[in-house]
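Observations on the three-dimensional arrangement
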Amino acid sequence: MFLSELTTPIERLQGVGKVRANDYHTKLGVDTFKDLLALSPRAYEDRTKLTSVKDLKAGENVINTKIKVQSHTYFGGFKKNERTLKVIVQDLSGTRISLLCFGRSFLEKTLQAGSVWFINATVNQWNGEWQSSAFSVYRTQEEAGLGRVIPIYPMGGSLTQKSIRKDINTILSNKYLTFDDELPARLYEKYGLMHTDSAIRLMHMPRSMEEVRASKRTLALTELLLMEIALMRQSSYEKSNKKSTISDIEKKLISTLPFSLTKDQIKSLSEIRNDLDNQKSMNRLLQGDVGSGKTLIAWISSLHEIAKGHQVAFMAPTELLARQHAEKAAELLEPLGVKIAFITGDVKGKGRKYLLEALKNGEVDIAIGTHALFSKDVVFKNLRYVIIDEQHRFGVEQRLALTSKGEIPHLLLMTATPIPRTLALTMFSDLQVSSIHTMPQGRKPITTYLVKEENREKMYQTIAVEFKRGHQAYFVYPRIEDEGDSGLRDVKNMFTYLQKEYPNIPSALIHSKVPEDEKMQILTDFRAKKISYLVATSVIEVGIDIPMATCMVIEHAERFGLAALHQLRGRVGRSDLQSYCFLVYSSSLSDDSKARLRVMKESTDGFYIAEKDLEIRGPGEIAGAKQSGFLKLRYASLVNDIDLIEIAKKEALEIIRTDKGLISTENYMLRINIEQEG
Ligand SMILES: Nc1ncnc2c1ncn2[C@@H]1O[C@H](COP(=O)(O)OP(=O)(O)OP(=O)(O)O)[C@@H](O)[C@H]1O
């Protein structure tokens, strides 16, 4: 069978109870046997050889060794039950190591003098003595996993390394289970790949790091190739040479704007129009910095389709943003006679029924909402254009699911987190890209200050001056409330603190737990200047557009990624007023965090920041792309596997060129796997 066909729910696995199943679903996104087998270890520990402290190289501190217990002593405290057990042992090389058994006095009975054990320990040197307080002891070499390479999985809740390994083993030990190859036979030979069955088994139970590398390479190339083919299959882009004309209704909107469009806005709009007038469906990414005027382009281009009698769907990542967009659209488009509907999961009952009828009958021109727009009961009469805001929140998979709905509509994805060039060139080969580099005229670059924690007071005073000028501010913190141990400032406590700092200045608290209606009311009041500042978590990260807000304070700035910092900063500087961003950091910063904050101070250009992000993170993943489902890759790395990405692209192109329907026997498995995953 193919791995994608192993869809048995995880709760049916022997030994997995309710709690563990629930943790699999919620912590790891594992719902089926297939998902568990596809769970890629986040690291491997090489325990193939016994190592003594003498074998440690600079920077290493983990040993797997055989020990002989010498003696016991106790240290610290006055009474016996307050003292800590110290077990003196000798490792393979005869070196003395002290095992410090904090809270583990019971080991005195187990680790008897003269007995022999295997240990896995993290060691360090203290006053010339080797010590370890983080160690595990095993009776046999087998139990210690020695002679093997141990996979380390992502964990969560009740799931431990041991339980995950055991569950994977339970599935793989079914002797009737074998996995068929997912790629055409010739590719295995051409690229020296393992068979799928071996690759899956060796990913979880490798005997050497060489096997880890070989299995990863196979699984990564398989994954990339399936994704490239799936994307290319549904892409039917053909550049049109025809120049489109601007409809009257578009002209009308443009003429009512109190400003003129920027050069890049005009260019993007014309690229989109040309695509919209093409027979083939558009698949275009509109990338532009925060506040560069992308959403406006979305509305104008919607009119191009509405003028033809077509319907448009506009999807935002959160209800809050969907509502804000709906309000803005109403202001801009309703005077032109455009009929707008707002649809989210929260619109229920009679109102929903009425809206759905109107959509079905074609009485609505634009439906604005969250992903609820694409639930089964939402039927359009004539949907021809879909716009997705902040596309990094929607994975490639949703993109595929969306366009597989009947007649393929034109698709415009908008993002304010530009994609580094290398990635755009490779992974997004199926997308056409329009970029807005120029900012609207009159915008002053935001001034960014890096503020040491101890200088916060001065910063609060500077902001007080802005309040006096009638300007507004955001204060952002990483947490809603402190759970007692983090030492981080949190939204709730700081709300109280700032009220004392700024007596008589109206403020509001906004975070994910505030009900949607309340959030909306707060934003309406903020826009109407009834509120001067918001104390918030990163819920305000995307899309909120309040022109009079000129100050953005982000405390514990080192806790946020570059993309998030850039998005947050983009909430100010949205008018011709001078705006300021204060990044407050703690004095104990890692080199990476320092480099990131420096980039923020140096530049306000999202394109530059995206490239730097990739550079600083090096072999890591970019801009939270993996986590956010931008590209949900399990095995391949966008940074390390550029060579595989290129192979996948080349082979996928060839396959699509010769057999787009994937109907040949050789390509049969590709079709099955793509359809299963889709
Ligand atoms: N050419 C322009 N000149 C002046 N103001 C503009 C121009 N284009 C758009 N704006 C205004 O700038 C603000 C931001 O525009 P818009 O919301 O379209 O940007 P965006 O790129 O979608 O922003 P974000 O990424 O933050 O969602 C809006 O108030 C909009 O009316």
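Look up: the structure comes first, before these words.
A short tour of the structure in this document, coming up. (Residues numbered from 1 in each chain as written. Predicted model: local features only at pLDDT ≥ 70, side-chain atom pairs only at ≥ 80, totals over all residues. Heavy atoms only, no water.)

**Focus on the sheet that holds strand 2 (residues 62–75)**
Under the convention used in this document: Any two strands with at least two DSSP bridges between them are considered paired. Helix numbering and strand numbering both begin at the N terminus, where a helix is a DSSP run of H or I of at least 4 residues and a strand a DSSP run of E of at least 2. With axes taken as lines fitted to C-alpha atoms, and helix axes fitted only over the stretch in contact, angles between N-to-C directions fall between 0 and 180 degrees.
If you walk around this closed barrel you meet the 5 strands as 2-3-4-6-5, and the pairing is mixed. Each strand of the sheet is rotated relative to its neighbour by a mean of 50 degrees, with strand direction disregarded. One ladder, built from 7 bridges, connects strand 2 with strand 5 (residues 116–126); its direction is antiparallel. The partner of valine 62 across the bridge, within strand 5, is threonine 122.

**Observations concerning the site of the ligand**
Put simply, the rule is: Residues are labelled near a given molecule or strand when at least one of their non-hydrogen atoms is within 4 Å of it. Distance and chemistry together define a polar contact, namely a pair of N or O atoms within 3.5 Å, with one atom able to donate a hydrogen and the other to accept it when in protein, and with adjacent residues in sequence counting only for side-chain atoms on both sides. Reported accessibility uses the Shrake-Rupley method at a 1.4 Å probe radius. Residues are deemed covered only where the shown protein chains occlude them. For this classification, Asp, Glu, Lys and Arg are treated as charged, while Ala, Val, Leu, Ile, Met, Phe, Trp, Tyr, Cys and Pro are nonpolar and the rest, including Gly, are polar.
Surveying the vicinity of the ligand reveals 21 residues, the closest of which are Gln265, Lys294, Thr295, Arg443 and Arg574. One of the side-chain N or O atoms of arginine 571 is found 3.3 Å from an oxygen atom in the ligand. Its free accessible area being 640 Å², the ligand has 89% of it covered by the protein chains. Here the shell around the ligand gets 3 residues from one element, more than from any other, and that element is helix 10 (residues 294–306). The residue makeup of the shell around the ligand, split by class, is 6 nonpolar, 8 polar and 7 charged.

**Description of the packing of helix 18 (residues 562–569) against helix 19 (residues 591–602)**
Packed helices, taken two at a time, are described by the angle their axes make and the gap between the axes. What counts, and what does not: By definition in this entry, angles of less than 35 degrees are roughly parallel, angles greater than 145 are roughly antiparallel, angles of 65 to 115 are roughly perpendicular, and the rest are oblique. Note on convention: the crossing is left-handed when the near helix lies turned anticlockwise from the far helix by less than a right angle, right-handed when the turn is clockwise. Here a residue-residue contact requires only that any non-hydrogen atoms of the pair lie within 4.5 Å.
Packing of helix 18 against helix 19 leaves a shortest axis separation of 10 Å and a crossing angle of 30 degrees. When the axis of helix 18 is compared with that of helix 19, the two are roughly parallel. When the axes of helix 18 and helix 19 are compared, the crossing they make is right-handed. Residues Leu562, Leu565, His566 and Arg569 of helix 18 lie in contact with helix 19, whose contacting residues are Arg596, Leu597, Val599 and Met600. Grouping the constituent residues of the contact of helix 18 with helix 19 by class yields 5 nonpolar, 1 polar and 2 charged.

**Some thoughts on the nonpolar core**
Where we set the bar: Joining through side-chain atoms within 4.5 Å is the link that ties buried Ala, Val, Leu, Ile, Met, Phe, Trp, Tyr and Cys residues into a set, and such a set is a nonpolar core. For the exposure calls, accessible area comes from a 1.4 Å probe over protein chains only, and a residue counts as buried if that area is under 20% of its type's maximum, exposed if over 50%, partly exposed in between.
Formed by 59 residues in total, the largest nonpolar core has its most connected members in Leu36, Leu37, Ile164 and Ile229. Elements that contribute at least two residues to this core include exactly helix 1 (18–28), helix 2 (33–37), helix 4 (161–172), helix 5 (185–190), helix 6 (196–204), helix 7 (209–234), helix 22 (642–659) and helix 23 (668–677). When residues of this core are assigned to their parent elements, the largest contribution, 12 residues, is made by helix 7. Residues within four places of leucine 36 in sequence aside, it is in contact with Ile10, Leu13, Tyr24, Val30, Ile164, Asp167, Ile168, Ile171 and His204.

**Some remarks on helix 15 (residues 456–468)**
Under the convention used in this document: For a helix, the expected span equals 1.5 Å multiplied by the residue count minus one.
Compared with the 18 Å implied by 1.5 Å per residue over 13 residues, the 19 Å span of helix 15 between its first and last C-alpha is a close match. Along its buried surface, helix 15 packs onto strand 15 (447–452), strand 16 (472–476), helix 16 (491–501), strand 18 (533–536), strand 19 (549–555) and strand 20 (580–585). Of the residues flanking the end of helix 15, it is glycine 470, one or two places downstream, whose phi is positive at about 85 degrees.

**A closer look at the state of the cysteines**
Each disulfide is one covalent bond, formed between the sulfur atoms of two cysteines. Put simply, the test is: When the sulfur atoms of two cysteines come within 2.5 Å, that pair is taken as a disulfide.
With the rule as written, the count across this model stands at 0 disulfides. With no disulfide of its own, cysteine 581 lies 9.6 Å from the sulfur of cysteine 551, the closest cysteine sulfur.

**A look at the pairing of strand 5**
Two strands pair when backbone bridges link them, and strand 5 and strand 6 (residues 129–138) are joined in this way by 8 bridges, in the antiparallel orientation. Across the sheet, glutamine 125 pairs through a bridge with tryptophan 130, a residue of strand 6. Linkage of strand 5 to strand 6, two consecutive antiparallel strands, is achieved through a turn of 2 residues, within which asparagine 127 is found at a positive phi near 50 degrees.

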